[in-house]
Amino acid sequence: MAGQRVEVDGGIMEGGGQILRVSTALSCLLGLPLRVQKIRAGRSTPGLRPQHLSGLEMIRDLCDGQLEGAEIGSTEIMFTPEKIKGGVHTADTKTAGSVCLLMQVSMPCVLFAASPSELRLKGGTNAEMAPQIDYTAMVFKPIVEKFGFQFNCDIKMRGYYPKGGGEVIVRMSPVKQLNPINLTDRGSVTKIYGRAFVAGVLPFKVAKDMAAAAVRCIRKEIRDLYVNIQPVQEPKDQAFGNGNGIIIIAETSTGCLFAGSSLGKRGVNADKVGIEAAEMLLANLRHGGAVDEYLQDQLIIFMALACGVSRIKTGPVTLHTQTAIHFAEQLAKAKFSVKKSEDEDDASKDTYIIECQGIGMTNPYL
């Protein structure tokens, strides 16, 4: 296995945890020994944080690999992968580090394991600077399953900043290979729905206020659709700590999904949280793409591994997406192109087609 170590510069482009997630997942899948340097070099707290460390340790464990330099604050790691195995894998950030990001790094790997897997992920389920678990379950899941696999996502306990304490169990079976996807036809918006939640000591009124403010904001732009945002009080036995937030989803006639979400912070009034989520959703509906800005980068690694040509239509290509493409090309040797959409409907919009010739990764164990 151990050929030449692939060198990755963790300080370029997005320059954060995402480079680490994409490169270690691909290293694990392709059996490429890896060295990542300058990890999070430009961040206010450089080097590995607890959530990055728990992700790395999980990848190491699920392929019986070797990991050097993995400690808090370290800016360089070496990783030597071995065979990917199924079974139960646990990762605990011990903080409000995002379980959704742990899922992002581990899911592509266990698709190519020898047997079914259960990922027990502990940390924040609704955390800043990361997808909320509701986004993962309601938007990411149905779209990523178009690559030809299913997974089950069981939210045992919700956890919020700063305590964390959430737990999600993901179960999935391996596949022989991934199908390419084509997400270029957006269709028209047919429904808008969502949930506004409070947990812990926060009054239910906060959930109702977030929902009402979001509905008012969306109504200004989209008058002819019923907007159904449920206010929710998270049950005491299913939420650890205090938190509030909202996610709103728009579904289209062709099955595309877009979202806007926001989390409450101390001293920010409920209306503002609701409006922020609504404005994010509306912005994602304006650009003419068939995926929202948060799904873009999460699909890149699957496109790179798929067997055949995948195409997705997006709004402005994010730095996270450019970064994922760069490392998918460097490590997996997949071929991507990003071009302005030539569709006449998109002429006035900032719309792009990301195309990828996948490498047709096949599962050696099936």
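Residues numbered from 1 in each chain as written. Predicted model: local features only at pLDDT ≥ 70, side-chain atom pairs only at ≥ 80, totals over all residues. Heavy atoms only, no water.

Labelled according to an unreviewed UniProt entry, the protein appears under the name RNA 3'-terminal phosphate cyclase, originating from Acinonyx jubatus. What the UniProt record of the protein gives under Catalytic activity (unreviewed entry) is the line "a 3'-end 3'-phospho-ribonucleotide-RNA + ATP = a 3'-end 2',3'-cyclophospho-ribonucleotide-RNA + AMP + diphosphate". According to the UniProt record, the Sequence similarities (unreviewed entry) comment for the protein reads "Belongs to the RNA 3'-terminal cyclase family. Type 1 subfamily." (UniProt positions renumbered as here; feature names shortened; annotations may be inferred.)

Student: Please clarify how the pattern of salt bridges should be interpreted in this entry.
Tutor: Two side chains with opposite charge may pair up if their charged atoms get near one another. Using the criterion set out here, one finds 22 salt bridges in the structure. Put simply, K85 and D64 hold a salt bridge, and the shortest N to O gap is 3.0 Å. Of the two residues, K85 sits in the loop between β4 (77–80) and β5 (87–92) while D64 sits in the loop between α2 (50–62) and β3 (66–68), which places them 21 residues apart along the sequence. You can call K85 partly exposed: its relative accessible area is 33%. The shortest N-O distance in the salt bridge between R120 and E118 comes to 2.6 Å. (Salt bridge = Lys/Arg side-chain N within 4 Å of Asp/Glu carboxyl O. Helix = DSSP H or I, 4+ residues; strand = E, 2+ residues; numbered from the N terminus. Buried < 20%, exposed > 50% of the residue type's maximum accessible area, 1.4 Å probe, protein only.)

Student: Just checking my understanding: could you explain the side chain of T125 for this structure?
Tutor: Along the chain, the position of T125 falls in the loop between β6 (117–123) and α4 (133–144). The exposure class of T125 is buried, given its relative accessible area of 0%. Engagement of the side chain of T125 in a polar contact is seen with the side chain of N126, the distance being 2.7 Å. Residues in contact with T125, not counting those within four places in the same chain, are V99, C100, P131, Q132, I133, M157, R158, G159, G166, E167 and V168. (Polar contact = N/O pair within 3.5 Å; in protein donor to acceptor, adjacent residues only side chain to side chain. Contact = heavy atoms within 4.5 Å.)

Student: Which parts of the structure should I look at to understand the UniProt feature "active site" (unreviewed entry) in the protein?
Tutor: Sites flagged by UniProt as "active site" (unreviewed entry) map to H320. Residue position: H320 is located in helix α8 (residues 319–332). Sequence-distant contacts of H320, defined by excluding residues within four places in its chain, comprise E14, Q18 and D297. In terms of polar contacts, H320 uses its side chain to reach the side chain of E14, at 3.5 Å.

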